[in-house]
Amino acid sequence: MTWQHVIIGYAAIGVFTFIVMAAAHHFTASGTPEAGIHDVLEEVRRAQNERSNPDRPVWKRRIEYALEKIVAPALAALSVVAAWPLVIWWKAREIWLSQGTEPIMEKEFAVERKHLLERQDPDALEAREVVTDPLGAVPGLPFGHLNRAWLNFKAGREPGDSIWTFSARWKLKWGGEEIREGYAIVRPDGIGPHFLTMRRVLKDD
Amino acid sequence: MTAQIGEELHYEGRVVTMYSEPLGDYFVLGGARPEFDFNCTALWRGYVGTWEIREGRLYLVRLSGTLKDGGHANLATIFPGFPERVFAHWYTGALRIPEGKMIEYIHMGYASTYERDLMIQIEKGVVTGTHVRNNGTSENSSAPEGYGIGAMTVFPRGRRDIDGE
């Protein structure tokens, strides 16, 4: 066996690896939407054109298209063929790590007794929370566009429950802090579901 | 996370890009979120919204996205009966708008720094104040002006001709 045989064998395994990966990606991608991400990108391009250069030449668009459709996939294929051991190791590690591990979940927000502010009369609070807009861009209902969510929340009341306002500071898992306000159902034996009406990220102010 | 395509805002005769995503708060507060498809690393949220501040109020006036079932998402998808304009009464917080030359490009989220941030304070959809936060001066005279992203990966899903040509 000569070194040429080794190189040809190495490249052949690389090509096979690439074909398997491309096929796996093709068959695991769900659906083939007629209107894809290109619609969204088209919106972005449209906005950028409005701002910068409305007469953007066609050749520039063709170059962008070639980069996206030809150059980028070709580079990806070349990388896999050249470094297939690394690709296989990376993929195997990804599969290994994903087995038996739970996704990282943020601790779920819950209203506590110390967050409660004041007991509410449901009819009065609904009258107070009707949203209006001079351009008619909101339904004139309690909590406006969030009315359905409110009705679902309200339907969760049981005999003996009451509705309270609450305000709480909440530390986000990935840093930062926010204030959360809204209404909570208070039960004889604890606090039930809550309905958020506001969250304000403190660090952005 | 790749640098993200921002939401668009029409403000005082200008079209600017925001570092804020007010529609995300709508979903957090209980608004029904359709299943958006995403196959672009620069757009994990799966949609781009166009916003407008008119007479001191924040409105969502356009939305473009793709649903998991392949359909196109627009305003009426999320707000039935309001296909043209939606008052963002649910939003409280600051709209952050990067301005001036870029000081540092960071290919992650909205982490790139620009010379200034215009902060528009919103209280339940109503503008309550504005201020400018100065972040320094770009030492590079040819640094790009206005928000942009450096790269993204688009995962192919279907064929589409270039710019409809």
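Let me begin by describing the structure that accompanies this report. (Residues numbered from 1 in each chain as written. Chains lettered and ligands numbered in written order. Predicted model: local features only at pLDDT ≥ 70, side-chain atom pairs only at ≥ 80, totals over all residues. Heavy atoms only, no water.)

### A look at the overall build of chain A
No. 1: Helix and strand content of chain A: 6 helices and 4 strands.
No. 2: Tracing chain A from N to C terminus, the helices and strands come up as α-α-α-α-β-α-α-β-β-β.
No. 3: In chain A, buried positions account for 30% of the 205 residues.
No. 4: Surface summary for chain A: the accessible area is close to 13,700 Å², and the carbon and sulfur share equals 61%. (Helix = DSSP H or I, 4+ residues; strand = E, 2+ residues; numbered from the N terminus. Buried < 20%, exposed > 50% of the residue type's maximum accessible area, 1.4 Å probe, protein only. Areas by Shrake-Rupley, 256 points an atom, 1.4 Å probe, with all protein chains shown as cover.)

### Here we look at the nonpolar core
All names here are of chain B.
No. 1: The biggest cluster of nonpolar side chains holds 49 residues, and the ones touching the most others in it are Leu9, Leu23, Phe79 and Trp90.
No. 2: Excluding residues that lie within four positions of it along the chain, leucine 9 makes contacts with Arg14, Val15, Val16, Met18, Trp51, Glu52, Ile53, Leu58, Leu95, Ile97 and Ile120.
No. 3: Listed in part, the 6 residues of the second largest apolar core include Ala3, Tyr19, Met102 and Tyr110. (Core = buried A, V, L, I, M, F, W, Y, C linked by side-chain atoms within 4.5 Å. Contact = heavy atoms within 4.5 Å.)

### Observations concerning the environment of A:Ala83
No. 1: Topologically, A:Ala83 is positioned in the loop between helix H3 (58–82) and helix H4 (84–98).
No. 2: Taking C-alpha positions, A:Ala83 is 7.4 Å from A:Gly14, a pair spaced 69 residues apart along the chain.

### Here's the deal with the sheet that holds strand S4 (residues 190–201) of chain A
Residues and elements named next belong to chain A.
No. 1: In space, the 4 strands of this open sheet follow the order S1-S2-S3-S4, with antiparallel pairing throughout. Either end of the sheet is taken by a strand with one partner, and the two such strands are strand S1 (116–120) and S4. Taking the axes of each pair of neighbouring strands and ignoring which way they run, one obtains an average angle of 25° across the sheet.
No. 2: Note: strand S3 (residues 177–187) against S4, 9 bridges, orientation antiparallel. Along S4, the bridge assignment pairs arginine 180 with arginine 199.
No. 3: Packing of helix H6 (residues 147–154) onto the sheet brings it into contact with strand S2 (162–171), S3 and S4, and relative to S4 it is tilted by some 160°. (Pairing = 2+ DSSP bridges. Axes fitted to C-alpha atoms, helices over the stretch in contact; angles between N-to-C directions.)

### Details of the pattern of salt bridges
Side chains carrying opposite charge are able to pair once their charged atoms draw close together.
No. 1: Within this structure, the stated rule accounts for 17 salt bridges over all chains.
No. 2: A salt bridge links A:Arg199 to A:Glu178; the nearest nitrogen and oxygen atoms lie 2.9 Å apart. Here the residue A:Arg199 occupies a position in strand S4, and A:Glu178 occupies one in strand S3, the gap between them amounting to 21 residues.
No. 3: Note on A:Arg199: relative accessible area 14%, which makes it buried.
No. 4: Note on A:Glu178: relative accessible area 0%, which makes it buried.
No. 5: Between B:Asp117 and B:Arg96 there is a salt bridge, with the nearest N and O atoms lying 3.2 Å from each other. Placement of B:Asp117 in strand S8 (residues 113–123) and of B:Arg96 in strand S7 (residues 93–104) is noted, with a sequence separation of 21 residues between them.
No. 6: With relative accessibility at 2%, the residue B:Asp117 sits in the buried group.
No. 7: The class for B:Arg96 is buried, based on a relative accessible area of 18%.
No. 8: Several salt bridges share partner residues, and in doing so they unite A:Glu178, A:Arg180, A:Arg199 and B:Asp25 into one network. (Salt bridge = Lys/Arg side-chain N within 4 Å of Asp/Glu carboxyl O.)

### Some thoughts on a nonpolar patch on the surface
Residue and element names in this part refer to chain A.
No. 1: A contiguous nonpolar patch, built from Trp59, Ile63, Leu67, Ile70, Val71, Leu75 and Leu78 and spanning about 720 Å² of accessible area, is present on the exposed surface.
No. 2: Looking at where tryptophan 59 falls in the secondary structure, it is placed in helix H3.
No. 3: Judged by relative accessible area, tryptophan 59 falls into the exposed class, the value being 52%. (Patch = residues over 30% accessible without salt bridge, like charges linked within 9 Å, V, L, I, M, F, W, Y side chains within 5 Å.)

### A short note on the packing of aromatic side chains
Residues and elements named next belong to chain B.
No. 1: Within the structure shown, the criterion is met by 17 aromatic pairs over all chains.
No. 2: For the ring pair phenylalanine 79 and tryptophan 90, a centre distance of 5.7 Å and an interplane angle of 15° mean the geometry is stacked. Placement of phenylalanine 79 in the loop between helix H2 (75–78) and strand S6 (86–87) and of tryptophan 90 in the loop between S6 and S7 is noted, with a sequence separation of 11 residues between them.
No. 3: By way of ring pairs, the aromatic residues Tyr26, Phe27, Phe36, Tyr47, Phe79 and Trp90 are connected into one cluster.
No. 4: Positioned over the ring face of phenylalanine 87 is arginine 57, at 4.4 Å from the centre of the ring. (Phe/Tyr/Trp six-rings, centres within 6.5 Å; stacked < 30°, edge-to-face > 60°. Lys NZ or Arg CZ within 6 Å of the ring centre and 35° of its normal.)

### Points about H6(A)
Residues and elements named next belong to chain A.
No. 1: Residues of H6 that are buried: Asn147, Ala149, Trp150 and Phe153. The buried residues of H6 occupy an angular sector of 160° when projected down its axis, which confines them to one face. Turned more than 90 degrees away from the buried face of H6, the exposed residues are Arg148 and Asn152. (Arc of directions from axis to C-beta.)

### Some thoughts on the side chain of A:Thr17
All names here are of chain A.
No. 1: Turning to its location among the elements, threonine 17 is positioned in helix H1 (residues 3–28).
No. 2: The exposure class of threonine 17 is buried, given its relative accessible area of 10%.
No. 3: Leave out the neighbours within four places in its chain, and threonine 17 touches Val80, Trp84 and Ile88.

### Observations concerning the pairing of strand S3 (residues 47–54) of chain B
All names here are of chain B.
No. 1: Among the 8 residues of S3, 7 are classified as buried, and the element is accordingly described as predominantly covered.
No. 2: Judged from the 3 bridges that link them, strand S1 (residues 7–11) and S3 form a sheet pairing that is parallel. Considered in S3, the bridge of histidine 10 is made with glutamate 52.
No. 3: In this sheet, strand S4 (residues 57–66) lies alongside S3 in antiparallel orientation, the contact comprising 8 bridges. Note on S4: the bridge partner recorded for arginine 54 is arginine 57.
No. 4: What sits between S3 and S4 in their antiparallel hairpin is a turn of 2 residues, with glutamate 55 showing a positive phi close to 50°.

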